[in-house]
Number of protein chains: 2
Amino acid sequence: MSRNKREELIRNALKIFYRNGFNATGMDLVAKESGVSKTSIYNHFRTKDELILAVLRLRDENFRDWLFRRMEELSAAPAGQLLALFDALEEWFAEDGYQGCMFVKASAEFQDADNAINRQSYAHKLLIEDHLTQLADAAGYATPRAIARQLLILKEGAIVLSAMSHDKAAAQQAKAMAQLLLRVD
Amino acid sequence: MSRNKREELIRNALKIFYRNGFNATGMDLVAKESGVSKTSIYNHFRTKDELILAVLRLRDENFRDWLFRRMEELSAAPAGQLLALFDALEEWFAEDGYQGCMFVKASAEFQDADNAINRQSYAHKLLIEDHLTQLADAAGYATPRAIARQLLILKEGAIVLSAMSHDKAAAQQAKAMAQLLLRVD
DNA sequence: CCTCACATTGACTGATCGGTACATATTTTT
DNA sequence: AAAAATATGTACCGATCAGTCAATGTGAGG
């Protein structure tokens, strides 16, 4: 299996894990849906956990790329981008097959604090928080770290509720609170 | 098995499911940790899903009882109770073995929109939203439903982040935003 | 054309999954 | 106390779990 075949396998596993969950998805299914044998998978990943970690790495990359780019497209100013976060989220919530945040779900299924999957899931959130902190700093807020953390709370709350309610409205409801927080009514 | 034995079984299953996750926990483990045979469990619950639903019913009852009572203890006024929500959450986050919201995790593991476990998990959130709506109404806010929904977003965001970061700080960070929303600085 | 290295496979492992059949207590009713 | 009904434990079901292995296919270098 070539390098791009390996990437394709990870992409495929991502789709299946996102749709079915991690523990609920067997490696036999991943192999079948990817059109390869289980042995081929285990030639590239020593364990199922390693495959999951590779999937989460890809997801982290894809999601942050998409989100930050979309925020930039929606606004040139840093403060505007912080608000645009919620407009981007709304677009995501409206997508077909939207099932909430993959990292929240990974963290829910692998709860041990010292588990690699659990740690990597939280690392994704920290990377997003870092980006928000930089934007809040560039926008001139006195406590950029605190602002970023609070926006992250709004983001996670909107994601969880939109996934549970199958309703994208949480994005704009969270945005309204972000406007209060950022004092840009 | 008597009625209270049945309740004890549900209580026991709740602990195990909360600690281990739903799919990751086998019925053999539930039986062993409860000190009964699998047959006894299946005499009371036709399937594992039914046991999970019973567990979620108990959890919903326990959690709402505790949360609403604690909010009342912390403040007599409706608006004060809305803010006290986050002080109560902080106490919960600091508890030993805190692992986030059981309903969010259930919803993450059973994602189908028509799944009974998924629907019951969201129903729990709606019951909390209802209570917040009543409080917001009693406090005299013009749009109690919208206020309740936004507080729910703050609550869920704080729960998810505190679980992932193993840090209770999210409660007070969410409370700060609630103060902006409720205009009670 | 042949060989060697490697990718890939189907068949398999022991363990565990949710769930059950049946024989054996245990309790309730008469 | 006898009989009926209920609760329980043991031992098992086929399916699936993560993971492995010997055998086969394949492509490059000589």
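Look above for the structure.
What you see is a predicted model, and the numbers here were worked out from it, not measured in a lab. Each chain has its residues counted from 1, running along the sequence as written. Labels follow written order: the first chain is A, the first ligand is 1, and so on. This being a predicted model, a pLDDT of at least 70 is required before a residue's local features are given, and a value of 80 or more before pairs of side-chain atoms are given or counted; all residues contribute to the totals for chains, interfaces and linings. Hydrogens and waters are ignored; side-chain quantities use all the structure's heavy atoms.

1. Regarding the overall build of chain A
How we decide: Secondary structure elements are taken from DSSP: a helix is a run of H or I of four residues or more, a strand is a run of E of two residues or more, and numbering for both begins at the N terminus. Exposed residues in this analysis have more than 50% of their type's maximum accessible area, buried residues have under 20%, and partly exposed residues fall in between, with area computed by a 1.4 Å probe over protein chains only. Residues are treated as being in contact if the distance between any of their heavy atoms lies within 4.5 Å. All accessible-area figures derive from a Shrake-Rupley calculation using a 1.4 Å probe, and residue coverage is judged against the displayed protein chains alone. All tallies of charge rest on Lys and Arg as positive and Asp and Glu as negative; His and the ends of each chain are not included. Note that the charge is assigned to NZ on lysines, CZ on arginines, CG on aspartates and CD on glutamates.
The helix and strand tally for chain A stands at nine helices and zero strands. For chain A, the succession of helices and strands along the chain, N to C, is α-α-α-α-α-α-α-α-α. When its C-alpha atoms are laid out on the principal axes, chain A stretches across 55 × 30 × 30 Å. In chain A, buried positions account for 54% of the 185 residues. The contacts in chain A between residues at least 6 apart in sequence include a share of 64% that link residues at least 24 apart. Carbon and sulfur atoms provide 46% of the accessible area of chain A, an area that totals close to 8100 Å². One finds the centroid of the 24 positive side-chain charges in chain A at a distance of 4 Å from the centroid of its 25 negative side-chain charges.

2. Examining the environment of Leu51 of chain A
All names here are of chain A. Among the secondary structure elements, Leu51 is positioned in helix 4 (residues 48-74). Leu51 gets classed as buried once you look at its relative accessible area, which sits at 0%. Between the C-alpha atom of Leu51 and that of Ile41, which follows or precedes it by 10 residues, the distance is 8.5 Å. Those residues in contact with Leu51 that sit more than four places away from it in its chain are Ala13, Phe17, Met27, Val30, Ile41 and Phe45.

3. With respect to the relation of the copies chain B and chain A
Note the cut-off: Our superposition of the copies is a least-squares fit, built on the C-alpha atoms of residues whose pLDDT is at least 70 in both.
For the pair chain B and chain A, the best superposition has an RMSD of 0.0 Å and corresponds to a rotation of 180° with a translation of 0.0 Å parallel to the axis. Seen this way, the second copy is the image of the first under a two-fold rotation axis. If distances are taken from each C-alpha of chain B to the rotation axis, the shortest is found for Gly157 of chain B, at 1.8 Å. The overlap is high: 100% of the interface residues of chain B also sit at the interface in chain A, so the same surface is used on both sides.

4. Quick word on the interface of chain B and chain A
Our working rule: Accessible area that two parts lose when put together, evaluated with a 1.4 Å probe and summed over both, is termed the buried area. In what follows, salt bridge is the name for a side-chain nitrogen of Lys or Arg lying within 4 Å of a carboxyl oxygen of Asp or Glu. In the analysis that follows, any N or O atom pair within 3.5 Å is treated as a polar contact, provided that within protein one partner can donate a hydrogen and the other can accept it, and provided that, for residues neighboring in sequence, both atoms belong to side chains. Under the scheme applied, nonpolar residues are Ala, Val, Leu, Ile, Met, Phe, Trp, Tyr, Cys and Pro; charged residues are Asp, Glu, Lys and Arg; polar residues are all the others, including Gly.
Chain B puts 39 residues into the contact, and the matching count from chain A is 39 residues. Across the chain B to chain A interface the summed buried area is about 3300 Å²; carbon plus sulfur atoms make up 69%. Looking at the side of chain B facing chain A, the largest losses of area belong to Gln111, Ile153 and Met164 of chain B, adding up to 23% of the total buried there. The tally of links from chain B across to chain A stands at zero salt bridges. In this assembly, chain B and chain A are joined by eight residue pairs in polar contact (both at pLDDT 80 or more). Elements represented by at least two residues in the side of chain B that touches chain A include exactly helix 1 (3-20), helix 6 (102-109), helix 7 (116-138), helix 8 (144-165) and helix 9 (170-182) of chain B. Residue contributions to the side of chain B that touches chain A peak at 12 residues, all from helix 8 of chain B. Among the residues making up the side of chain B that touches chain A, the classes are represented as 20 nonpolar, 13 polar and six charged.

5. Comments concerning the environment of Lys32 of chain A
Residue and element names in this part refer to chain A. With respect to the secondary-structure elements, Lys32 resides in helix 2 (residues 27-34). Residue classification places Lys32 among the exposed residues on the basis of a relative accessible area of 66%. Considering only alpha carbons, one finds Lys32 and Ala116, 84 residues apart in sequence, at a separation of 26 Å.

6. A look at the pattern of salt bridges
A side chain of one charge can pair with a side chain of the opposite charge when the charged atoms of the two come close. Residue and element names in this part refer to chain A. Tallying each qualifying case throughout the model produces 22 salt bridges over all chains. For Asp130, the salt bridge identified is with Arg145, shortest N-O distance 3.0 Å. With Asp130 in helix 7 (residues 116-138) and Arg145 in helix 8 (residues 144-165), this residue pair connects regions lying 15 residues apart in the sequence. The class of Asp130 is partly exposed, set by a relative accessible area of 30%.

The analysis is restricted to geometry; functional conclusions fall outside its scope.
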